[in-house]
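Read off the chains here:
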Amino acid sequence: MKRYRNGEIWDFEHEMPVSPDGSEVILGLDGGTTSTVCVCMPFFPLSDRPLPDPVPVLARAVAGCSNHNSVGETAARETLEQVMAGALSKSGSNRSAVRAVCLAVSGVNHPTDQQRILNWLRDIFPSYVQLYVQNDAVAALASGTMGKLHGCVLIAGTGTIAYGFTEDGKEARAAGAGPILGDWGSGYGIAAQALTAVVRAHDGRGPQTALTYNILRKLDISSPDELIGWTYADPSWARIAALVPVVVSCAEAGDEVANNILLESVQELASSVKAVVQRLDLCGEDGKGSFPLVMVGGVLEANKKWDIGKEVVNYISKDYPGTLPIRPKESNQLPEVDNKVEPAVGAALLAWNFFMKDVHKKAE
C-alpha cells in the first residue's frame, strides 16, 4: 500500500490497532460533480441469506467534487482518498480490514476510465481487496433496488444521466455527456438557460422575465452586463447549477420564461429515460410491463410546488404506464414506492453483490 501522496491522510492508521475480533468492512462511494460520499458497512459472513434491512452503516464521510472531467484527475483522486480514509477512521477501521470497495463516480464513461481508477485503487489497498469501479448512475440504481441491477435510474443534479439494466445484464445509457455536449434538463442546463434568457431580455432579443431581477439579486450584482464577468470568473458546473432554485421560484410565481425552461427540462429528462427503456425493452413488446425508475438528484427533489420529478414521471407514464418511481432516501414525496437507501449505500451493496458473484464463480 502506498501512503497518501500529500502526506497525512492515512496517519490515523499508525495509532489504530488491528481489530482484535477480526471485523471486516466494505466501502461504498458515490461521487458526483457536487459532492462525494463514502460509507463503511460491515462485511457479512458468506451465505445465501439476504442482507439485513435496514443495512447497517458504521460510518459516513463527505467531501467535494470527484468528477475528473470537472476538477481534474489529481483533485478527484485526492477527494476520493480523503472520504475513504475519513469513513474508515470514523468507523475505527483501517485498510487492512477492507474486503471490497465499490467506487461509483460520475465521469466514468469508458473501460479506460475504469481501468485507470482501478490501477490507482490497487496502489492504495492490500492486494486481497476486491475493487469495483462503476459510473455513479449504477450505484444510484442499486440504491433503489437494494443492490439488484434491473430497471432504470435517472440522475438530475448538477449534471444528468439515464442508465438502465435488464435482468440478464444488458445495459444502456442516455445523456451524461456533460454540459458542452448537452446535458439539457440538468441543474447546469436549467441555470444556463436562465442566464441566457436574462442576457437575451437585456439585449432586446427575448421577452422580459422575472429571472432578471431575481438572479441579479441572488448574485448581488446590479446589471445583466455584469453576468458575463460573474459567469466566466468561475464557470464551474456546480456554481452555475446553484441557480436552479431561483428558476423554480420564478416559475411558481408565474413567470412564463422560467416556466418554459422547466417544461423543456422535463421533456429532456423524460426523453432520456424513454430512450433507455426502448433500447432495453424494459416494458415488454406492448409497453405495459413495469420497471423501477430510481430518481436521484437535487433537480428531482419534491420540495416545491413546481415538482420537476413528478412532472417527469407523468410524462414518462403516458407512454409507459408501468413506471414505478422510487425516490432516494433524502426525499419522500412520491408515494408509489417506499424509499430505499442513499446511493453510497447502494455502492456498498454493489460491492457485496459483486464480491458474492466472484466467490460463486471461483467455487464452480
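**Let's talk about the overall build of the chain**
No. 1: The helix and strand inventory of the chain stands at 12 helices and 10 strands.
No. 2: In terms of overall dimensions, the chain is globule-like: its C-alpha atoms have a radius of gyration of 22 Å, near the 21 Å expected for 364 residues.
No. 3: With the principal axes as the frame, the chain shows a C-alpha extent of 70 × 55 × 35 Å.
No. 4: Looking at the chain as a whole, 54% of its 364 residues qualify as buried.
No. 5: For the chain, the distance from the average site of its 32 positive side-chain charges to the average site of its 42 negative ones is 2 Å.

**Some words on the side chain of S93**
No. 1: Among the secondary structure elements, S93 is positioned in the loop between helix 2 (73-91) and strand 4 (98-105).
No. 2: Within the structure, S93 has its side chain in polar contact with the side chain of S91 (distance 3.2 Å).
No. 3: Apart from the residues lying within four places of it in its own chain, the contact partners of S93 are F12, M16, V25 and L88.

**What about the packing of aromatic side chains?**
No. 1: Tallying each qualifying case throughout the model produces 6 aromatic pairs.
No. 2: When the ring of F43 is compared with that of W352, the centres are 5.5 Å apart and the planes differ by 70°; the resulting orientation is edge-to-face. Placement of the pair is F43 in the loop between strand 2 (36-42) and strand 3 (59-63) and W352 in helix 12 (residues 343-363), with a sequence separation of 309 residues. Of the two residues, F43 and W352, neither departs from the other in class, the shared state being buried.
No. 3: Ring centres of F44 and W352 lie 6.3 Å apart, and the angle between their planes is 85°; this geometry places the pair in the edge-to-face category. With F44 in the loop between strand 2 and strand 3 and W352 in helix 12, this pair connects stretches of sequence that are 308 residues apart. Side by side, F44 and W352 carry an identical accessibility label, which is buried.
No. 4: Among the aromatic side chains, those forming a connected cluster through ring pairs are F43, F44, W352 and F355.
No. 5: In this structure, R99 packs its charged tip against the face of F43, placed 4.6 Å from the ring centre.

**Looking at the sheet that holds strand 10 (residues 323-326)**
No. 1: Ordered in space as 8-7-6-9-10, the 5 strands form an open sheet in which the pairing is mixed. Whereas interior strands pair on both sides, the edge strands pair on one side only; in this sheet they are strand 8 (171-175) and strand 10. On average, each strand axis in the sheet is tilted by 20° relative to the strand beside it, whichever way the strands run.
No. 2: With 4 bridges connecting them, strand 9 (residues 291-296) and strand 10 associate as parallel partners. Pairing of F291 across the sheet is with T323, part of strand 10.

**Considerations on the pattern of salt bridges**
No. 1: The tally for this structure, following the rule as stated, stands at 10 salt bridges.
No. 2: Between R95 and E13 there is a salt bridge, and its shortest N-O distance comes to 2.8 Å. Of this pair, R95 sits in the loop between helix 2 and strand 4 while E13 sits in the segment before strand 1 (25-31), and the two are 82 residues apart along the sequence.
No. 3: Classification of R95 as buried rests on a relative accessible area of 5%.

**Things to note about the packing of helix 2 against helix 3 (residues 111-124)**
No. 1: Between helix 2 and helix 3, whose axes approach to 12 Å, the crossing angle comes to 45°. Of the possible angle classes, the one that applies to helix 2 and helix 3 is oblique. Here helix 2 and helix 3 pass one another in a crossing that is right-handed. Of the residues in helix 3, those in contact with E73, R77, L80, E81 and M84 of helix 2 are R116, W120, L121 and I124.
No. 2: Of the residues assigned to the contact of helix 2 with helix 3, the class counts are 5 nonpolar, no polar and 4 charged.

Definitions and limits used
- Residues numbered from 1 in each chain as written.
- Predicted model: local features only at pLDDT ≥ 70, side-chain atom pairs only at ≥ 80, totals over all residues.
- Heavy atoms only, no water.
- Helix = DSSP H or I, 4+ residues; strand = E, 2+ residues; numbered from the N terminus.
- Rg over C-alpha atoms; globule rule 2.2 N^0.38 Å.
- Buried < 20%, exposed > 50% of the residue type's maximum accessible area, 1.4 Å probe, protein only.
- Lys, Arg positive; Asp, Glu negative; His and termini not counted.
- Charge placed at Lys NZ, Arg CZ, Asp CG, Glu CD.
- Polar contact = N/O pair within 3.5 Å; in protein donor to acceptor, adjacent residues only side chain to side chain.
- Contact = heavy atoms within 4.5 Å.
- Phe/Tyr/Trp six-rings, centres within 6.5 Å; stacked < 30°, edge-to-face > 60°.
- Lys NZ or Arg CZ within 6 Å of the ring centre and 35° of its normal.
- Pairing = 2+ DSSP bridges.
- Axes fitted to C-alpha atoms, helices over the stretch in contact; angles between N-to-C directions.
- Salt bridge = Lys/Arg side-chain N within 4 Å of Asp/Glu carboxyl O.
- Parallel < 35°, antiparallel > 145°, perpendicular 65-115°, else oblique.
- Left-handed = near helix turned anticlockwise from the far one by under 90°.
- Nonpolar A, V, L, I, M, F, W, Y, C, P; charged D, E, K, R; others polar.

The values reported here are purely geometric and, on their own, carry no functional implication.
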